[in-house]
Amino acid sequence: MTTDLVRDLIERATGRIVEHAEELTALDRAIGDGDHGINMQRGFEALRDEVDRLAALDLAAALQQAGMILVKTVGGASGPLYGSLLMGMGKAAKEGAGPAAQLAEGVAMVARRGKADRGCKTMLDVLIPVQECLSEAADAPLPELLRRLRETADAALEATRDMVATRGRASFLGERSRGHLDPGAASSRLLVHAVCDVLEKRS
Ligand code: ADP
Ligand code: MG
């Protein structure tokens, strides 16, 4: 069961990232250095290359190892941050935490590592509202939970358009970063959708 879950998550997340890599890179070209899609594609393809090994592990170990692979392969600012997300989730899973508490620990690790919070126009502007939504709605029927998670991620990404970046490369632009979606928030939204797709298909 768990092994299939890990495999499905890796396949779907990689698919979504590869499908939208050009879009992520275009967003990063507007307010960064134009490599976010390339970085994410490289990292997720590396995960997919190791899918057999990762799928043989329990969820906690798979998350921790996947996080280390992303740190090594994504590069840029986002590699260590997505690595922290998965390693934090893996650590919580190992301690017996459920999905909502796993995500909370992962997001807290991203915030510590990035010295960032909500409103800095980063991936955290999607990850934090999604994590809060999961904590609030964890007991809702699955279709409602998935709808709320997807809607929260979509609205949270859109909300980054109006923000001024205060972390990462986009912060060098100051006011000129306003009017553009944040690339890391866009990749986080894609990953939320990928997880929802997998949970929907398995339900
Ligand atoms: P780089 O900026 O090094 O080229 P990427 O382009 O891969 O790295 O990733 C950029 C994304 O990383 C940004 O859009 C933002 O969402 C995220 N990011 C950058 N710095 C931080 C930070 N300090 N905290 C959280 N997220 C960050
Ligand atoms: Mg970049």
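Data block above holds the structure.
Residues numbered from 1 in each chain as written. Chains lettered and ligands numbered in written order. Predicted model: local features only at pLDDT ≥ 70, side-chain atom pairs only at ≥ 80, totals over all residues. Heavy atoms only, no water.

1. Digging into the nonpolar core
Side chains of a nonpolar character, in soluble globular proteins, are inclined to be buried together. Among the nonpolar cores identified, the biggest contains 54 residues, and Phe44, Leu47 and Leu85 are the most heavily contacted of them. If we ignore the near neighbours within four places in the chain, the residues touching phenylalanine 44 are Ala13, Thr14, Ile17, Leu70 and Leu191. (Core = buried A, V, L, I, M, F, W, Y, C linked by side-chain atoms within 4.5 Å. Buried < 20%, exposed > 50% of the residue type's maximum accessible area, 1.4 Å probe, protein only. Contact = heavy atoms within 4.5 Å.)

2. Quick notes on helix 7 (residues 99–114)
With 16 residues, helix 7 should cover 22 Å at 1.5 Å per step; its first-to-last C-alpha distance of 22 Å lies within 8% of that length. Listed as buried for helix 7 are Ala100, Gln102, Leu103, Gly106, Val107 and Val110. Taken down its axis, helix 7 places every buried residue within 160° of arc, on the same side. Buried residues in helix 7 make contact with helix 5 (59–74), helix 6 (78–94) and helix 8 (124–137). Following helix 7 by one or two positions, lysine 115 has its phi on the positive side, about 45°. (Helix = DSSP H or I, 4+ residues; strand = E, 2+ residues; numbered from the N terminus. Expected span 1.5 Å × (residues − 1). Arc of directions from axis to C-beta.)

3. Thoughts on the environment of leucine 5
Within the secondary structure, leucine 5 sits in helix 1 (residues 2–19). Judged by its relative accessible area of 18%, leucine 5 is buried. The contact partners of leucine 5, leaving out residues within four places of it in the chain, are Val198, Leu199 and Arg202.

4. Considering the coordination of the magnesium ion (ligand 2)
Those donors, Asp28 (OD), Asp33 (OD) and Asp35 (OD), are the protein atoms that reach the magnesium ion (ligand 2), and they lie 2.0 to 2.2 Å from it. Site description for the magnesium ion (ligand 2): donor spacing in sequence, D-x4-D-x1-D. Taking relative accessible area as the criterion, aspartate 28 reaches 9% and is therefore assigned buried. Assessed through its relative accessible area of 36%, aspartate 33 is described here as partly exposed. (Donors = N, O, S within 2.8 Å, 3.2 Å for Na, K, Ca; no water.)

5. Some details on the pattern of salt bridges
Per the counting criterion, the structure on display carries 16 salt bridges. Salt-bridge contacts for aspartate 197 lead to arginine 150; the nearest nitrogen and oxygen are separated by 2.9 Å. Here aspartate 197, found in helix 10 (residues 183–202), pairs with arginine 150, found in helix 9 (residues 142–159); they are 47 residues apart in sequence, far enough to count as distant. Of the two residues examined, aspartate 197 and arginine 150, each falls in the buried class. With its nearest N and O atoms 2.9 Å apart, the salt bridge here joins glutamate 175 to arginine 178. On the basis of relative accessibility, which here comes to 52%, the residue glutamate 175 falls in the exposed class. We classify arginine 178 as partly exposed; its relative accessible area is 37%. (Salt bridge = Lys/Arg side-chain N within 4 Å of Asp/Glu carboxyl O.)

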